[in-house]
Amino acid sequence: MKKIFIDRDAFLLRTAVYEDNILSNIYFEKEDNKPKEGCIYIGEVKNILPSLKGAFLDIGYEKNVFLYLDKNIKIKKGDRLAVQIIKEEEGEKSAKSSLNLLLPGRYIMLQTLKEEMEFSGKLTEDFKESIRHEIELYNNTGVIIRSNSIETSIDEIKNEYDYLYQIYSQIRRKEDYSSSLGLIYDFNGILGKLLRDISGSIESIIVSDIKDRCFIEEYIKGKINTIVKLEENVFLSYGIEEDIKDLLKRRVILPSKGNIIIDKTEAMYVIDVNSSKNTSESSMDKTAFKTNIEAAAEIPRQIKLRGLSGIIIIDFIDLKDRNKKKELLDMLQLGFKEDRLKPSVYPFTELNLVQITRKKVTPISYYLEENYGICQDGKRLSSLYISILIKEKVHMEKIEDPVIEVNNIYKKQENSFLFYLTELIGENFKLLFKEQAEDFLIKH
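I would appreciate a short explanation of the nonpolar core in the present structure.
Grouped burial of nonpolar side chains is what soluble globular proteins tend to show. Counting residues in hydrophobic clusters, the biggest one holds 39 residues, and the most contacted among them are F28, I244, Y385, I390, V406, F417 and L431. Top contributing element to this core by residue count: helix α10 (residues 383-396), with 7 residues. Discounting chain neighbours no more than four positions away, the residues touching F28 are L12, L13, R14, I190, I244, I364, Y367, L368 and Y385. Counting residues in hydrophobic clusters, the runner-up holds 27 residues, among them I260, I271, L328 and V345.

Quick look at the structure:
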């Protein structure tokens, strides 16, 4: 059974999914006006760059977004187009967009550049055939039938297709007649995505915001049978903050007391597997295999939760048995079975390393940490995240006029703390910076 926890404040929307009381998924989203993945905008073509096979569009945001163009797409400067963000901006790099609009539902996804019906690989041939006979495609659209469709009726799938086509028609009308640039559809961000993608039985959904509760209750009506509760300080009350902090640790302890160590280099992530204190087996070979198999079960979970992507190298404890190596690869594949990014797991190299490639995503550390130090190569909890932790503690313990002591290493971020804390807890607090081991202390 799954439990879903959703916490929203002025700066972050955070969602956590627990399955059998183990954290299985976590998503963060900043509350800002930056173009977000999946959002659809009306944009105006500003520059066409044949050498880059693309163009830059003004979408009413301070930075233009990049649009990749294949050889079949012809546009000119000044054209107004509906585009969907497929990759958010990163540092100085602009957000990337596409003319292929993907409108996601719980059971299907409408698409606009492929006028055909596609299916999730998990669906049976009999089911696919029944869908082909029952659903007729609207003009200029195609659909992807999702694995969740197996949970419902053909009529419900048709109803969702009708609903998404109405949204698509509205988008095209705005593309043709809108006099302004900017956001025209956002699909409710990660909250909408979570509700569309979740499968299986859900024991409860616990939220901190009344508007989120209303949206969820309306969305799941007739689709998901569960209880939606409204509570304060959701992440602190249920111990989720501690699980999140664990995702910043290099070392992850395995059941048999072995461990994996996760490091980031300039070019890749490296995961090292160690037997460490594992003395449960009678021989070194058995100890090595037991540690490796536990690591192979835990590594996909850590990769998904931490948002690791790009190239990931795993250094297992050396094994010579080919069958046991295959077991490790099978375990990794199994762990990634539900990963929507579909990572590729490659065979052992001659140096006994396993390489994984995973589509680029924003790591969870982006929302939790900031750089510091002379060379900006150190990591610490960000001033925003500490402010959120302070807010939770102040509200949970009902502390009036708190005196907040923050470690002196954050002194240069004083203005940031004052801004965040004022937004989160009001103006009645005193902020001090002191030499101390903890990130922060709160006094009455």
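Looking at this model, I keep getting lost on the sheet that holds strand β15 (residues 227-230). Mind explaining?
To summarise the sheet geometry, strands pair through backbone hydrogen bonds and adopt either a parallel or an antiparallel arrangement. Spatially, the 5 strands line up as an open sheet ordered β3-β2-β1-β14-β15, and their pairing is mixed. What marks the edges here is a single partner per strand, and that holds for β3 (22-30) and β15. The mean inter-strand angle of the sheet, taken between neighbouring strand axes irrespective of direction, is 15°. Where strand β1 (residues 2-8) meets strand β14 (residues 202-207), 5 bridges bridge the pair, whose relative direction is parallel. When the sheet's bridge partners are listed, K3 is paired in β14 with S204.

I would appreciate a short explanation of the pattern of salt bridges in the present structure.
For the coordinates displayed, the defined rule picks out 32 salt bridges. Two residues, K76 and D79, come together in a salt bridge whose shortest N-O distance is 3.1 Å. Given the relative accessible area of 54%, K76 is considered exposed. E175 is paired through a salt bridge with R172; the nearest N and O atoms lie 2.9 Å apart. Within this pair, E175 and its partner R172 are both found in helix α2 (residues 154-177), separated by 3 residues, close to a single helical turn. Here E175 falls in the buried class, since its relative accessible area comes to 15%. By relative accessible area, R172 is classed as partly exposed at 23%. Because the salt bridges share partners, they merge into one network encompassing D7, R14, E241 and E392.

Parameters and conventions
- Residues numbered from 1 in each chain as written.
- Predicted model: local features only at pLDDT ≥ 70, side-chain atom pairs only at ≥ 80, totals over all residues.
- Heavy atoms only, no water.
- Core = buried A, V, L, I, M, F, W, Y, C linked by side-chain atoms within 4.5 Å.
- Buried < 20%, exposed > 50% of the residue type's maximum accessible area, 1.4 Å probe, protein only.
- Helix = DSSP H or I, 4+ residues; strand = E, 2+ residues; numbered from the N terminus.
- Contact = heavy atoms within 4.5 Å.
- Pairing = 2+ DSSP bridges.
- Axes fitted to C-alpha atoms, helices over the stretch in contact; angles between N-to-C directions.
- Salt bridge = Lys/Arg side-chain N within 4 Å of Asp/Glu carboxyl O.

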